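# Close look at the chain arrangement
Given next are the chains, with one letter for each unit.
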Amino acid sequence: MLSLDEILNKTIFTKEDLKNLLASEGDDKKRLFERALQVKLEHLDNYVHLRGLIEYSNICTKSCLYCGVRSKNPNFTRYQLSDEEVIECAKLAHDLGYGSVALQSGERSDKAFTDKITHLVKEIKKIDNGSLGITLSLGEQTEDVYKEWFEAGAHRYLLRIEASNEELYYKIHPHDAKHDFKTRLNCIDTLLKLGYQTGTGVMVGLPFQTYDDLADDLLFFRQKDVAMVGMGPFIPHPDTPLWQYRDQIPSAEERMELTLKMIAILRLMMPEINMVAATANQTVDPMGREKAIAVGANVIMPNLTPNEFRENYLIYPDKACVKDKPDQCQTCLDVRLAAIGHRVLYNEWGDSLAFRKKSGVRS
Ligand code: SAM
Ligand code: SF4
């Protein structure tokens, strides 16, 4: 077996290398994390980009087996923000200097919904002459819908593959036409083809997930040459079918550590992509977001959803920052990031350098 340094000195990792890196502990793990931070600083400096997160609606037509918002969970109130509330959130993002917003929602593909999103994207674009970048995370849609939203002004899209291994995918999703692995793959390919800065990702520490799966996930991101990746620990939700496996998954601490290793390894593999320090990191560990930034992530999505709706967007329990006010959140972020030698890049879209180099998009 190769030593950690022999692996780190390679330019391309094999699947075996990835599995060894995922298993690294002690000094080896520390050196992996240090190298990932060094590579990030060399390529992207110590900047963190912000996307003001707007959780538009928790109405969802799907039933992913891990997600609290799934259509088959009757235990909370469904909501959809009004147009005014969305625009207020976007204006707040602009006033706070965030540079970008991310509009996220449960998945719907009916025309009333897709038309509404087109309208909202156009309205957000009107704020200060298009100064806000727009990321969408609204699930699987047809090519025509993705195109319509792109033409309306959205330029980034997040659609996690959730598990690149088809067999694992069907262990965490119902096996039916609504949750089709090939459709998921096709959607990611369509987004890439249409010219979106496309992001994908996985949850880490899922029931049945192995190092083999995680290594394949990393190879999948590289093979698709995506511009952004978001990875966070899986957090069991009591109102979901995967809750029954909560005793068969790694501890919260182990899921967090594994997430950090995934982020660090991917930073070595794809030095110029954007990587999100997911809120799930902070939910399992109060310092989770900072830890993710310190091993290679460079994007944070502070929540701008009006507080009265946040507790109904509980994709997993005890979600971090549910009670914080946006201005508190900003001060808190500045201080917390400064403490780890990082700073927020305000008033910029903060596009992925990997994507900008490929296409010459504005920064
Ligand atoms: N509905 C859209 C979709 O599925 O792409 C966007 C919203 S969905 C809530 C955003 C992400 O939340 C999913 O891609 C999934 O990875 C993550 N998520 C859902 N349930 C989770 C859980 N129990 N633990 C950690 N992450 C979870
Ligand atoms: Fe709906 Fe997304 Fe949750 Fe799946 S992950 S149930 S599509 S909100």
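Our subject is the structure that appears above.
Just so it is clear, the model here is predicted, and its values are computed rather than measured.

### Some words on the overall build of the chain
- Of regular secondary structure, the chain possesses 15 helices and 10 strands.
- In terms of C-alpha radius of gyration, the chain reaches 19 Å, essentially the compact-globule figure of 21 Å for 363 residues.
- Along the three orthogonal principal directions, the C-alpha set of the chain runs to about 55 × 40 × 40 Å.
- Counting over 363 residues, the chain shows a buried share of 59%.
- A separation of at least 24 residues holds for 75% of the contacts in the chain among residues at least 6 apart in sequence.

### Quick look at the pattern of salt bridges
- Throughout the structure, instances matching the rule amount to 28 salt bridges.
- Linking Asp212 and Lys15 is a salt bridge whose minimum nitrogen-to-oxygen distance equals 2.8 Å. Of this pair, Asp212 sits in helix α9 (residues 211-224) while Lys15 sits in helix α2 (residues 15-22); the two residues are 197 residues apart in sequence, bridging distant segments of the chain.
- Judged by its relative accessible area of 31%, Asp212 falls in the partly exposed class.

### A few points about the pairing of strand β7 (residues 228-233)
- Buried residues dominate β7, accounting for 6 of its 6 residues.
- Of the pairings in the sheet, the one linking strand β6 (residues 197-204) to β7 comprises 6 bridges and is parallel in character. Pairing of Val204 across the sheet is with Pro233, part of β7.
- In this fold, the crossover linking β6 to β7 by way of α9 has right-handed handedness.
- Taken together, the 4 bridges between β7 and strand β8 (residues 274-277) define a ladder with parallel strand orientation. Bridge pairing links Gly230 to Val276 in β8.
- In this fold, β7 hands off to helix α10 (residues 252-269), which returns the chain to β8; that crossover is right-handed.

### Quick word on the side chain of Arg108
- Structurally, Arg108 can be placed in the loop between β3 (100-105) and α5 (111-126).
- Residue class for Arg108 comes out buried when judged on its relative accessible area of 15%.
- Polar side-chain contacts of Arg108 include one of 2.9 Å to the side chain of Gln80.
- Here Asp110 takes part through its side chain, which lies 2.8 Å from a polar atom of the side chain of Arg108.
- Those residues in contact with Arg108, other than ones at most four positions away along the chain, are Ile59, Thr61, Gln80, Phe113 and Gln141.

### Observations regarding helix α8 (residues 181-194)
- For α8, with 14 residues, the first-to-last C-alpha span of 20 Å sits near the 20 Å given by 1.5 Å per residue.
- Listed in full, the buried residues belonging to α8 are Phe181, Arg184, Cys187, Ile188, Thr190, Leu191 and Leu194.
- Tucked inside the fold, the buried residues of α8 contact α6 (143-152), β5 (156-158), α7 (166-172), β6 and α9.
- Backbone geometry just after α8 places Gly195 at a positive phi near 100°.

### So, the site of ligand 1
- Around ligand 1 sit 17 residues, and of these Tyr66, Ser105, Arg160, Glu162 and Ile235 come closest.
- Measuring from a nitrogen atom of ligand 1, one finds a backbone N or O atom of Tyr66 at 2.9 Å.
- Here an oxygen atom of ligand 1 sits 2.8 Å away from a polar atom, N or O, in the side chain of Arg160.
- In isolation ligand 1 exposes 550 Å². Once the protein is present, 92% of that is buried.

Here is what the cut-offs are and how they apply
Residues numbered from 1 in each chain as written. Chains lettered and ligands numbered in written order. Predicted model: local features only at pLDDT ≥ 70, side-chain atom pairs only at ≥ 80, totals over all residues. Heavy atoms only, no water. Helix = DSSP H or I, 4+ residues; strand = E, 2+ residues; numbered from the N terminus. Rg over C-alpha atoms; globule rule 2.2 N^0.38 Å. Buried < 20%, exposed > 50% of the residue type's maximum accessible area, 1.4 Å probe, protein only. Contact = heavy atoms within 4.5 Å. Salt bridge = Lys/Arg side-chain N within 4 Å of Asp/Glu carboxyl O. Pairing = 2+ DSSP bridges. Right-handed = clockwise from strand over helix to strand, strands pointing away. Polar contact = N/O pair within 3.5 Å; in protein donor to acceptor, adjacent residues only side chain to side chain. Expected span 1.5 Å × (residues − 1). Near = heavy atom within 4 Å. Areas by Shrake-Rupley, 256 points an atom, 1.4 Å probe, with all protein chains shown as cover.

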